Protein chains: 6
Amino acid sequence: MTNKTQTLYKSYIIEEYFATKKPYYVSISDEIELFEAAYKQKLPVLFKGPTGCGKTRFIEYMAYKIGQEMKKSKKNNNSQINIPLVTIACHEDLTASDLVGRYLLEGDSTVWLDGPLTRAVKAGGICYLDEVVEARKDTTVIIHPLTDHRRILPVEKKGELLEAADGFLLVLSYNPGYQSALKDLKHSTRQRFIAIEFDYPSVEKETEIIAHESGLDDGTSNKLAILGEKIRNLKEHGLPEGASTRLLIYAAKMISQGIKPVRACQVAVNWAVTDDSLLHQGIQEVITSIFPE
Amino acid sequence: MTNKTQTLYKSYIIEEYFATKKPYYVSISDEIELFEAAYKQKLPVLFKGPTGCGKTRFIEYMAYKIGQEMKKSKKNNNSQINIPLVTIACHEDLTASDLVGRYLLEGDSTVWLDGPLTRAVKAGGICYLDEVVEARKDTTVIIHPLTDHRRILPVEKKGELLEAADGFLLVLSYNPGYQSALKDLKHSTRQRFIAIEFDYPSVEKETEIIAHESGLDDGTSNKLAILGEKIRNLKEHGLPEGASTRLLIYAAKMISQGIKPVRACQVAVNWAVTDDSLLHQGIQEVITSIFPE
Amino acid sequence: MTNKTQTLYKSYIIEEYFATKKPYYVSISDEIELFEAAYKQKLPVLFKGPTGCGKTRFIEYMAYKIGQEMKKSKKNNNSQINIPLVTIACHEDLTASDLVGRYLLEGDSTVWLDGPLTRAVKAGGICYLDEVVEARKDTTVIIHPLTDHRRILPVEKKGELLEAADGFLLVLSYNPGYQSALKDLKHSTRQRFIAIEFDYPSVEKETEIIAHESGLDDGTSNKLAILGEKIRNLKEHGLPEGASTRLLIYAAKMISQGIKPVRACQVAVNWAVTDDSLLHQGIQEVITSIFPE
Amino acid sequence: MTNKTQTLYKSYIIEEYFATKKPYYVSISDEIELFEAAYKQKLPVLFKGPTGCGKTRFIEYMAYKIGQEMKKSKKNNNSQINIPLVTIACHEDLTASDLVGRYLLEGDSTVWLDGPLTRAVKAGGICYLDEVVEARKDTTVIIHPLTDHRRILPVEKKGELLEAADGFLLVLSYNPGYQSALKDLKHSTRQRFIAIEFDYPSVEKETEIIAHESGLDDGTSNKLAILGEKIRNLKEHGLPEGASTRLLIYAAKMISQGIKPVRACQVAVNWAVTDDSLLHQGIQEVITSIFPE
Amino acid sequence: MTNKTQTLYKSYIIEEYFATKKPYYVSISDEIELFEAAYKQKLPVLFKGPTGCGKTRFIEYMAYKIGQEMKKSKKNNNSQINIPLVTIACHEDLTASDLVGRYLLEGDSTVWLDGPLTRAVKAGGICYLDEVVEARKDTTVIIHPLTDHRRILPVEKKGELLEAADGFLLVLSYNPGYQSALKDLKHSTRQRFIAIEFDYPSVEKETEIIAHESGLDDGTSNKLAILGEKIRNLKEHGLPEGASTRLLIYAAKMISQGIKPVRACQVAVNWAVTDDSLLHQGIQEVITSIFPE
Amino acid sequence: MTNKTQTLYKSYIIEEYFATKKPYYVSISDEIELFEAAYKQKLPVLFKGPTGCGKTRFIEYMAYKIGQEMKKSKKNNNSQINIPLVTIACHEDLTASDLVGRYLLEGDSTVWLDGPLTRAVKAGGICYLDEVVEARKDTTVIIHPLTDHRRILPVEKKGELLEAADGFLLVLSYNPGYQSALKDLKHSTRQRFIAIEFDYPSVEKETEIIAHESGLDDGTSNKLAILGEKIRNLKEHGLPEGASTRLLIYAAKMISQGIKPVRACQVAVNWAVTDDSLLHQGIQEVITSIFPE
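Predicted model only: the values in this text are computed from it and were never measured.

Participant: Give a description of the arrangement of the chains that names residues and reports values.
Facilitator: Contact between chain B and chain D is absent, and the minimum C-alpha spacing across the pair is 11 Å. Here chain B and chain F are not in contact; the least distance found between their C-alpha atoms is 13 Å.

Here it is, written out as structure tokens:
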């Protein structure tokens, strides 16, 4: 059985994983121009915004777009030229070694293994630290010398300094909505980045996104977008975070499988968003007002 | 003696452990259709519900059922086609390495050992993270890229990304009833799943389950189901969690061994459910009202 | 000197340590029947009760008794058939690896060493986790799949699942008297066990036990049993836990060495039970009322 | 220089370090008889009492005395028969492995190294755990099976159980005076020991001890003993712990070096006992009233 | 692809990384004279001041300047003579071993690797510990013997003491503005350093810096400097830290890419400085008053 | 470059680092006689006093002085006879292993490396534990058996006991001024030491010290000593700790480099002592009153 399973999945080297076709992204404001200006000036960027509003998709789109423009500007068609995008989901136990690298014992000698940040620094890629405030403090400090004029990464376990390759850029994301005081970004870190704020798309744009991603008709997609907007307005009634575009797409996909809209919205949106039974009731009323049975 | 004991137990490779016959499961609502729709759309699923109401049994049943349907749709009788079900009981010390894998020293070289999540990703199985809020934060973050359109698992210690095999699906369970604020599921995690809520079965269904599992007669099984329902109503009187179906089956099994019903219910239900002597008294009164001596 | 000391002690393989003669145990209620019913139905058991009331002695007795009955039922005299009893004293630093096993470097290769729980699972023995609430959470979670219908132990570091041998049973003990809220047994754990509550023996039975264990005469043993009962009644006056049967036996043994009863009770009971000088005075008055000088 | 320094110190195997002459000990009460009775009955012993009142000296004395009596009773003069005394100063980071033993890499294979508790269990010695409440909980639990009728030490990393050699006895010390609630001895531990309470010696006995240990004349030694008694009475005025006999001996030794008594008592007693300047003043007044200049 | 990426970045030995041209630095006060006096007297120096006010740039400038003067005074043109500057970004997980060094397994033997502090001590360089209060306490204590007359670094894992090379100097930075009481510099540490306080430059000097660093015209640079001053005055209105010179340069660079000044200041200054929507409004009003559209 | 840097610094074995000339020390009271008496009687010593008042210098002076006297008393001129002084700066992460020693892997076998305390015990030197309350509890307990009549160091990882060489003495320092209740010295530790309290020198002595150490004239040195005294009196106005003699010497050295006295005192004393702007103002007024411009 081992032989068979080996063909079921694909494996990539981290810095060699590229989008092979243009990622679908609907721009909300001038975020594309801002990012391009920052990239040209090598200014590190901080994305702020709620869960599931498209930050990850945006950085994928920009990595692809800048890579394409570099190809054009070089007037050749070498399809190998790409901007590697190295994404790191931060968490409480992420250490500096996880980012920079470590020694591993292999056979009878130790071998150094570059961490994902070092890979991005060497390959001249974009390094995207998702939810950076979750990381341990050593992680946020290790990136400081990469964000000033020196663009240097100290690899202390090897006694080395690395000067980042030309295309390298550091991008952080964080969600100011649910940060506790304990987990705030330190000023000595945040004042090293320009900041782009993201929000949910308008109903029109969200309709377009839902229909595109789920293959559902425009009418039902529009109802789901309106549902999203109404639930986000419930935030003042105790809902900690509104329904993301992702959840609306989930509901659309369930509907496209034959689940009734009211039930699809209940499991994909209402129950996914909260455990509170009073809020459940309120949201379900909103759902049935949009999808009367 | 070592020789003899080696024949007393059985050992399996994690991703090769399948149910060999159809697991017994009595459906409560439309959860089977919902799960099948989600599985076809590759939408990650979150199970919510109290202890011992059948979530684990349900996922075993679905893994078996989907596997059977895949066999039929392929119009052959290759009995090898199954959906591996990899179950991971989460706890406070479960690390990302426990899930993804680690290097082990073997002989004079190091060997990589895939963790259970990696095994499920490669084998295209269902990975069931039981009581996920108990896990450390790095564990909940490592699953994020597996739940978006990329379906990718970063194996950072090997510098690799794995694209999940086709049949892979991530399923989480959690019990919103006794979560503290500290151990809540983060929105950036929960908004990646559709949610199915579970509750205890009705008295009729529970009677059927108890009788089937214990071999006890329907009449006594029905009395135990009624007992279960009454104890769950005591929740407002300070009982933190109602008696699970599992405990009612335990009582039935003790009765089938000749223990008197009142005593069987005392040890299998009353003492198992709480240490509080006032509650003990109240529950025992309910028991004797149902099983008068 | 090394040669000589090697003969002073005995060493056993954990799962091959059996009681060679019937352990002395005086039954309090129907606990023997309850345990036998649970063992036949493979229902995990939870012992609740105060310090030193005989829980450990009971499990030793049952392991011996069930082993003897299995011999008889098999109608042969193979004295090798026994139920191994693997006892694990839980503590705050007990990890899942301590229970399940770990890799050890031996010579130039690593060797897997089964932990005590794995030994019991393989040998089909009773695994007794003493004071389970003291253990870390990963320890209590690792036992979950062993307590449902699958009776499985995941040995994740080897990528294996073990199906428990036929005679295997999991037994936990805990003392609800002095658990803090922080160290309570989770419902998802406790609702996997039937529960047997233990209490101190009656004065008559305790007299019998003290006399048997210490060799002291019945009259003095009876006075000590009365002392025990009176001190346990002081619990409402601030004594956190009453004097165990064990301490009364200690006092009896000191008396049998020629120490005066009043002094023997002071050092073996009064000073052992508390550091509070007011309680010391009160208890000493009880002692002198029973043993007037 | 390395050669020379190698001759400056002595090195012993832990369980082969014996007192070569009778330790000096002045008995306070019937503690010698109590300990001998407990040793004969193999009852574990707990010493309670303040800092520096002679608990450590007492256990050394008893180990020597019991060893001498065993020689006599065996009617030969084999001077090798001794009771090893293994003393372990407990602290917050003392783990079960520190007591029981661990594997060490030596050359190209791993070698097991017995910890001090295992050494005492094997050699049949007295194991003295000083200030046991300081130890981590796993340490206090590991000793439980050594204190009941089985007298067993589980060496889990080797999969072994050791039955203690005949002369083995476990002795704990602790100081109830400054234990916080957090660091109390658990009842499941303390109810496994008889308890002997110690206090400072009387002025007469302390005079004798000071004179013997320092070589100072009886008159000045008596003044120091009186000083000790008076300072201990200051405990109600905020002094957390009285001056130990050890500090009075220090003062005597400083005086014997020609330091004036008032100054010697200031540095060896007053400043050693507290940092509080008000208490300094009060104690210094006591000193000058006893040693007027 | 590996071959190509190897040419994209540069790698240096830590203590051999020197500024190759004079770092741009505009002096604020007499900090250059103070530092030169301290360096000649081998007095360790502490920099105090807010985020992004130029402390890092200043120490780079001084390392370059002192190196140049040493070359002149030696009357030769050996361009190799430089003062190595070893910068260490401190964080909560920085241990003494990270600074001093550790053993690494290489092939079949262990090799000692000097940490960055040891490298500076040996090479006679300036060791700059940035944000020292973030470091663990062992880190701050390890530097004590380097700051007194002995100028010694204990390398305890090698059993060695290192006497620092002649040019060695220790420099710390810290930001008293946002230190909590828990993370204060201990007096036993701080009283080993002379302290130089830094503040933001005047509007005139900041204009000069912004224009030089961004290439923007003087008029717009001056407006940005005025903006910086005004935002710093908002500190009394709840802004935890003012905008750094670095952020003003970022805004200038965004403007030079064609982004409108108001928008450039919003993303590079306003959103970068705070997440508070009220403060966002206030700052945006300041921005539009300076850059009316 | 590596070749050249190897000649810039000096390296010593820890226990072979001796002062080669008499350390400069001005005695404050009878501390020299007290220490000599304690050393002859082998009584462990505790130094109490504020930061920078000369405790470290004093212990260096005594090690040199006692070494010199031992040479004389032996009536030969073997210049090799010295008292090694092993200084250990204690910190929160200092473990018992750091003091006693550990196994290191070297080539294909493990080698034991003595820690600094073991080195002092073997070489018969003075072991000086600076700021001992900062150390972890295991560190303070490991020294107990070295301070009683046995003078023994248990090296548990080797299963050995070391009896200290003749000249060995344990000396601790701590600063009672800023100890929190959590970090107090336990009575079971402190009652093992005689205590010598240190304070700042008188103005006359401090003038002498400043002039000697900095080479500055007596008049200005005297002004600095007066400044020190006045700042120490500010302690009642909220200054947590007075200016140390070391800082006054720093100011003197800055003045000798041509920095104006007022500015030198500002950076070397005022800013070094506190971050509080009100205290800055008050201290600066004291400075200008002594050094009017």
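Resuming the write-up.
Participant: Describe the nonpolar core, and please don't skip the residues or the numbers.
Facilitator: One finds Phe-35, Phe-47 and Leu-117 of chain E together with Leu-224 and Met-254 of chain F to be the most contacted residues of the largest nonpolar core, which totals 101 residues. Once you skip the residues sitting within four places of it in the chain, Phe-47 of chain E turns out to touch Phe-35, Lys-55, Phe-58, Ile-59, Tyr-128, Val-171, Leu-172, Ser-173, Tyr-174, Ile-196 and Phe-198 of chain E.

Participant: Give a detailed account of the interface of chain A and chain B, specifying residues and quantitative values.
Facilitator: Taken together, the contacts link 55 residues of chain A with 56 residues of chain B. Here chain A meets chain B over a buried area of about 4,800 Å², counting both sides, of which 56% is carbon and sulfur. Its largest share of buried area at the contact with chain B, chain A owes to Tyr-9, Tyr-250 and Asp-275 of chain A, together 12% of the area lost on that side. Inspection of the region where chain A meets chain B yields 5 salt bridges.

Participant: Hey, could you go over the relation of the copies chain A and chain B for me, with residue numbers and the actual values?
Facilitator: Each copy superposes on the other: chain A lies on chain B with an RMSD of 0.0 Å after a rotation of 60° and an axial shift of 0.0 Å. Accordingly, the operation relating the two chain copies is best matched by a six-fold axis. Looking at the interface residues of chain A, only 4% of them are also at the interface in chain B, so each copy uses its own face.

Participant: Requested: an account of the pattern of salt bridges, with residues and values cited.
Facilitator: Considering all chains together, one arrives at 89 salt bridges over all chains under this definition. Taking the shortest distance from any N to any O, the salt bridge between Arg-150 of chain E and Asp-148 of chain E comes out at 3.1 Å. A relative accessible area of 11% places Asp-148 of chain E in the buried class. A single salt-bridge network, built from bridges that share partners, covers Lys-48, Arg-190 and Glu-197 of chain A together with Asp-275 of chain E.

Participant: Kindly report on the interface of chain C and chain D, identifying the contributing residues and their values.
Facilitator: On the chain D side, the residues contacting the 55 residues of chain C number 56 residues. Carbon and sulfur atoms make up 56% of the area that chain C and chain D hide from each other, which totals about 4,800 Å². At the boundary of chain C and chain D, one finds 6 salt bridges. For Glu-163 of chain D, the salt bridge goes to Lys-10 of chain C, with nearest N and O atoms at 4.0 Å. Where chain C packs against chain D, one counts 20 residue pairs in polar contact (both at pLDDT 80 or more). Looking at the side of chain C that touches chain D, the elements that each hand over two or more residues are strand S1 (10-13), helix H3 (55-73), strand S3 (85-89), strand S4 (101-106), helix H5 (116-123), helix H11 (245-256) and helix H12 (261-273) of chain C. Its residues assigned to classes, the side of chain C that touches chain D comprises 26 nonpolar, 13 polar and 16 charged. Strand direction decides the pairing type here: S1 of chain C and strand S8 (residues 160-163) of chain D, joined by 4 bridges, are antiparallel.

Participant: I'd like a rundown of the packing of aromatic side chains, residues and numbers included.
Facilitator: Enumeration over the complete set of coordinates arrives at 54 aromatic pairs over all chains. Geometrically, the ring pair formed by Phe-35 of chain B and Phe-58 of chain B is edge-to-face, given 6.0 Å between the ring centres and 80° between the ring planes. Of this pair, Phe-35 of chain B sits in helix H2 (residues 31-40) while Phe-58 of chain B is found in helix H3 (residues 55-73), placing the two residues 23 residues apart along the sequence. Ring pairing ties together the aromatic residues Tyr-25, Phe-35, Phe-47, Phe-58, Tyr-61, Tyr-128 and Phe-198 of chain A, which thus form one cluster. The cationic tip of Arg-232 of chain C hangs over the ring face of Tyr-200 of chain C; the distance from NZ or CZ to the ring centre is 3.9 Å.

Rules and cut-offs
Residues numbered from 1 in each chain as written. Chains lettered and ligands numbered in written order. Predicted model: local features only at pLDDT ≥ 70, side-chain atom pairs only at ≥ 80, totals over all residues. Heavy atoms only, no water. Contact = heavy atoms within 4.5 Å. Core = buried A, V, L, I, M, F, W, Y, C linked by side-chain atoms within 4.5 Å. Buried < 20%, exposed > 50% of the residue type's maximum accessible area, 1.4 Å probe, protein only. Buried area = accessible area lost by both parts, 1.4 Å probe. Salt bridge = Lys/Arg side-chain N within 4 Å of Asp/Glu carboxyl O. Least-squares fit on C-alpha atoms with pLDDT ≥ 70 in both. Polar contact = N/O pair within 3.5 Å; in protein donor to acceptor, adjacent residues only side chain to side chain. Helix = DSSP H or I, 4+ residues; strand = E, 2+ residues; numbered from the N terminus. Nonpolar A, V, L, I, M, F, W, Y, C, P; charged D, E, K, R; others polar. Pairing = 2+ DSSP bridges. Phe/Tyr/Trp six-rings, centres within 6.5 Å; stacked < 30°, edge-to-face > 60°. Lys NZ or Arg CZ within 6 Å of the ring centre and 35° of its normal.

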